[in-house]
Amino acid sequence: MAEPKNEEFLDDIAAAEAEELAEEFAEISEEALEIDALRAERDDFKDRFMRALADAENARKRGDRARRDAEQYGGSKLARDMLPVYDNMKRALEAATDEQKEVAGPLLEGVELTMRALKDVFQKHGMEVITPEVGDRFDPNVHEAMFEAPVPGTRAGDIIQVSAEGFMLHDRLLRPAQVGVSSTPAS
């Protein structure tokens, strides 16, 4: 009879070991699941962090670009408003006859100095004068055709008259040069 008790005892030990092993596996699998969940959460946070970092960098670049544009082109409205002043001073100097230059020489000299100062200010702030010549080809990117007329001895698209100079502000067109264009077809 003692032997059956030993077998029962051994069976109880085996069952206890099996239970203990099952509990350990349950704890390990719970821990593994928890570790996997924490890794997934960590990866999600890392992804969000990297995206936020990239968004911040892009916002910084956009801000820098906007600041540079504001510095370069912020005064374009004032510059555009000054162009008629330039045009009128140029017309006044071109309209002065030799007789008027003799009589009002110092006055015209003052206007010329003012004109030079205005050109210097334009140049200092990145404005360039677009000065087309008669005979140049019409370029719609920098010229505005005010009229077309058939002129013998010219090709279609040649500039035949310059009404007003144009202006560039850095790399942007502030005002196109106003020109007359030949409409004579090429023979």
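Residues numbered from 1 in each chain as written. Predicted model: local features only at pLDDT ≥ 70, side-chain atom pairs only at ≥ 80, totals over all residues. Heavy atoms only, no water.

(A) Looking closely at the overall build of the protein chain. A count of helices and strands for the protein chain gives 4 helices and 6 strands. Order of helices (α) and strands (β) in the protein chain, N terminus to C terminus: α-α-α-α-β-β-β-β-β-β. Computed over C-alpha atoms, the radius of gyration of the protein chain comes to 42 Å, more than 25% over the 16 Å expected from 2.2 N^0.38 for 187 residues, which places it beyond the range of a compact globule. Projected onto its principal axes, the C-alpha coordinates of the protein chain cover approximately 150 × 50 × 15 Å. Across the 187 residues that make up the protein chain, the buried fraction comes to 19%. A fraction of 65% describes how many contacts in the protein chain between residues 6 or more apart in sequence connect residues 24 or more apart. With an accessible surface of roughly 14,100 Å², the protein chain has 55% of that area assigned to carbon and sulfur atoms. For the protein chain, the distance from the average position of its 24 positive side-chain charges to the average position of its 42 negative side-chain charges is 16 Å. (Helix = DSSP H or I, 4+ residues; strand = E, 2+ residues; numbered from the N terminus. Rg over C-alpha atoms; globule rule 2.2 N^0.38 Å. Buried < 20%, exposed > 50% of the residue type's maximum accessible area, 1.4 Å probe, protein only. Contact = heavy atoms within 4.5 Å. Areas by Shrake-Rupley, 256 points an atom, 1.4 Å probe, with all protein chains shown as cover. Lys, Arg positive; Asp, Glu negative; His and termini not counted. Charge placed at Lys NZ, Arg CZ, Asp CG, Glu CD.)

(B) Fine view of the environment of M89. Along the polypeptide, M89 turns up in helix 2 (residues 76-95). M89 gets classed as buried once you look at its relative accessible area, which sits at 15%. With 38 residues separating them along the chain, M89 and R51 place their C-alpha atoms 56 Å apart. Every residue in contact with M89, bar those within four places of it in the chain, is listed here: V111, T114, M115 and L118.

(C) Seen up close, helix 4 (residues 105-124). Taking 1.5 Å of rise per residue, the 20 residues of helix 4 would be expected to cover 28 Å, and the 28 Å separating its terminal C-alpha atoms lies within 8% of that figure. Along helix 4, the residues that are buried comprise L108, M115, L118 and F122. Taken around the axis of helix 4, the buried residues stretch over an arc of 75°, which confines them to a single face. Residues of helix 4 that are exposed and point more than 90 degrees away from the buried face comprise P106, Q123 and K124. As for helix 4, its buried residues are in contact with helix 2, helix 3 (98-103), strand 1 (127-130) and strand 4 (166-169). With its phi angle positive at about 90°, G126 sits one or two positions after the end of helix 4. (Expected span 1.5 Å × (residues − 1). Arc of directions from axis to C-beta.)

(D) Fine view of the pattern of salt bridges. Counted according to the given criterion, the structure contains 11 salt bridges. In this structure, R51 and D47 form a salt bridge, with 3.1 Å as the shortest nitrogen-oxygen distance. On the criterion of helical spacing, the pair formed by R51 and D47 is a turn pair, its members being 4 residues apart in helix 1 (residues 2-73). The class of R51 is exposed, set by a relative accessible area of 55%. When the shortest N-O distance is used, the salt bridge between R175 and D87 registers 2.6 Å. (Salt bridge = Lys/Arg side-chain N within 4 Å of Asp/Glu carboxyl O.)

(E) Representation of the sheet that holds strand 3 (residues 159-164). In space, the 3 strands of this open sheet follow the order 2-6-3, with mixed pairing throughout. Single-partner strands in this sheet number two, and they are strand 2 (143-149) and strand 3. Each strand of the sheet is rotated relative to its neighbour by a mean of 30°, with strand direction disregarded. Bridge count for strand 2 against strand 6 (residues 177-182) is 6 bridges, and the pairing is parallel. Within strand 6, the position partnered with A145 by the bridge is V179. (Pairing = 2+ DSSP bridges. Axes fitted to C-alpha atoms, helices over the stretch in contact; angles between N-to-C directions.)

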